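Observations on the three-dimensional arrangement
Listed below, chain by chain, are the residues.
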Amino acid sequence: MTIRDDHALASDLATEAGERLLSLRGREGFEHPPALRAEGDRQAHVFLTEALARLRPSDSVLSEEATREEREDPARRTAERVWIVDPLDGTREFAEEGREDWAVHVALWERGELVAGAVALPAQGRTLSTAEPPKLAPYEGGRFRIAVSRTRPPEFVQKLAYLAGADLVPIGSAGAKISAVLTGEVEAYVHAGGQYEWDSAAPVAVALASGAHASRIDGSELAYNQEDPTLPDILVSLPELAPTLLAGIRDLHR
């Protein structure tokens, strides 16, 4: 790889990691889901961390698949630039034949802000990135759709949908859910079941670059490269819907 800007690098790395994951599906020796999930996580993590070490040797990396010691490295907290990556977002979906709702996340945090990011959706044949942010579809009123977990949608989101006049759409990984907002498949994503920074950094970077709303469910800013990488909740939506959703969430939590 030649030297390129951070936006293009994030996109290229996420895309290539996704292509490698696609080629792993169905390969001999990985027919069983547990083996496929483990090898997918491992291969994508090794590819991304080795590529970043070679191409951005002065930057730190926070990866879901890093060891606890690597995640807790104090150098990361004082670094000016940190790549936040999820090598395989949606391992369950990745290992289910025919599912397309899994992703690869590559984001760059610099001096307090997400400045670049890419979400590869390999089985859908596309990558969303800050290099060319998607154009949001305008909200034209009426019922709208909220992406939720396909296995454990929060009860309060079901109540929120009822109050706001919305339909729930189950989708796999966090990256696939936020990407669905950006591509017009849904209008919002609400989650309060607990996540980590790598679950949302890249899709949030692309969402913000696209002009979408992205925040905690109380409306406060999402913060990354924290000492504790947990991020309990998130709201991503078309900007026109954010006030309605935030007001509904406040009412439900009173």
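The structure contained in this document is the topic of the report that follows. Nothing here was measured: the structure is a model prediction, and the numbers come from that model.

Cut-offs applied
- Residues numbered from 1 in each chain as written.
- Predicted model: local features only at pLDDT ≥ 70, side-chain atom pairs only at ≥ 80, totals over all residues.
- Heavy atoms only, no water.
- Helix = DSSP H or I, 4+ residues; strand = E, 2+ residues; numbered from the N terminus.
- Rg over C-alpha atoms; globule rule 2.2 N^0.38 Å.
- Buried < 20%, exposed > 50% of the residue type's maximum accessible area, 1.4 Å probe, protein only.
- Contact = heavy atoms within 4.5 Å.
- Right-handed = clockwise from strand over helix to strand, strands pointing away.
- Pairing = 2+ DSSP bridges.
- Axes fitted to C-alpha atoms, helices over the stretch in contact; angles between N-to-C directions.
- Arc of directions from axis to C-beta.
- Expected span 1.5 Å × (residues − 1).
- Phe/Tyr/Trp six-rings, centres within 6.5 Å; stacked < 30°, edge-to-face > 60°.

Moving on, we get to the overall build of the chain. When helices and strands are counted, the chain shows nine helices and twelve strands. In summary, the chain has a C-alpha radius of gyration of 18 Å against a globular reference of 18 Å for 254 residues, a match within 12%. Dimensions of the chain along its principal axes, counting C-alpha atoms only, are 50 × 45 × 30 Å. Here the chain holds 254 residues, and the buried ones make up 51% of them. Intrachain contacts of the chain at a sequence separation of at least 6 include 64% that bridge at least 24 residues.

On to the pairing of strand β6 (residues 144-149), then. In terms of residue burial, β6 counts as a mostly covered element, since five of its six residues are buried. Following the backbone out of β6, through helix α6 (residues 155-164) and into the adjacent parallel strand β7 (residues 166-171), one traces a crossover that is right-handed. Bridging between β6 and strand β8 (residues 188-191) involves two bridges; their strand directions are parallel. Paired with Ile146 across the bridge in β8 is Ala188.

A few words on the side chain of Ser149. Note on placement: Ser149 falls in strand β6. If sequence neighbours within four positions are ignored, Ser149 has contacts with Pro170, Ile171 and Lys177.

Moving on, we come to the sheet that holds strand β1 (residues 60-63). Taken in spatial order, the five strands of this open sheet run β1-β2-β3-β4-β5, and their pairing is mixed. Pairing within the sheet leaves two strands with one partner each, and these edge strands are β1 and β5 (126-129). The mean angle between the axes of side-by-side strands here comes to 15°, regardless of whether they run parallel or antiparallel. When β1 meets strand β2 (residues 81-89), the two strands line up parallel, connected through four bridges. Counted as the bridge partner of Leu62 is Ile84 from β2.

Pairing within the open sheet is mixed, and its five strands lie in the order β7-β6-β8-β12-β10. Among the strands making up the open sheet, the edge pair consists of β7 and β10 (213-215). With strand direction ignored, the average angle separating the axes of adjacent strands in the sheet is 20°. In the packing of α6 onto the sheet, contacts are made with β6, β7 and β8, and the angle to β7 comes to roughly 145°. Of the strands in this sheet, β6, β8, β10 and β12 (234-237) are in contact with helix α9 (residues 242-252), which crosses β12 at around 150°.

Moving on to α6. Three or more residues of α6 are buried, namely Phe156, Val157, Leu160 and Ala161. Mapping the buried residues of α6 onto a view down its axis gives an arc of 145°, with all of them on the same face. Away from the buried face of α6 by more than 90 degrees, exposed residues Glu155, Tyr162 and Leu163 are located.

So, on to the pairing of β8. Neither face of β8 is exposed, since Ala188 and Val190 on one face and Tyr189 and His191 on the opposite face are all buried. Relative to β12, β8 is paired through four bridges, and the arrangement is antiparallel. Its bridge partner being in β12, His191 is matched across the sheet by Ile234.

Take helix α8 (residues 197-210) next. The end-to-end C-alpha separation of α8 is 20 Å, in line with the 20 Å expected for 14 residues at 1.5 Å each. Here α8 lies mainly inside the structure; twelve of its 14 residues are buried. Residues Glu197, Trp198, Asp199, Ser200, Ala201, Ala202, Pro203, Val204, Ala205, Val206, Ala207 and Ser210 constitute the buried set of α8. Positive backbone phi, approximately 95°, marks Gly211, located one or two places after α8.

All right, on to the environment of Pro33 then. Positionally, Pro33 belongs in helix α2 (residues 33-55). The class for Pro33 is partly exposed, based on a relative accessible area of 34%. Spatially, the C-alpha atom of Pro33 lies 9.7 Å from that of Glu93, the residues being 60 residues apart in sequence.

How two aromatic rings sit relative to each other is set out by the distance from centre to centre and by the angle between their planes. Taken as a whole, this structure holds three aromatic pairs when the rule is applied. Ring geometry for Phe94 and Trp102: centres 4.9 Å apart, planes at 70°, overall edge-to-face. Side by side, Phe94 and Trp102 carry an identical accessibility label, which is buried. Here Tyr196 and Trp198 contribute two aromatic rings whose centre-to-centre distance is 5.0 Å and whose plane-to-plane angle is 10°, an arrangement assigned as stacked. Judged by relative accessible area, Tyr196 falls into the partly exposed class, the value being 38%.

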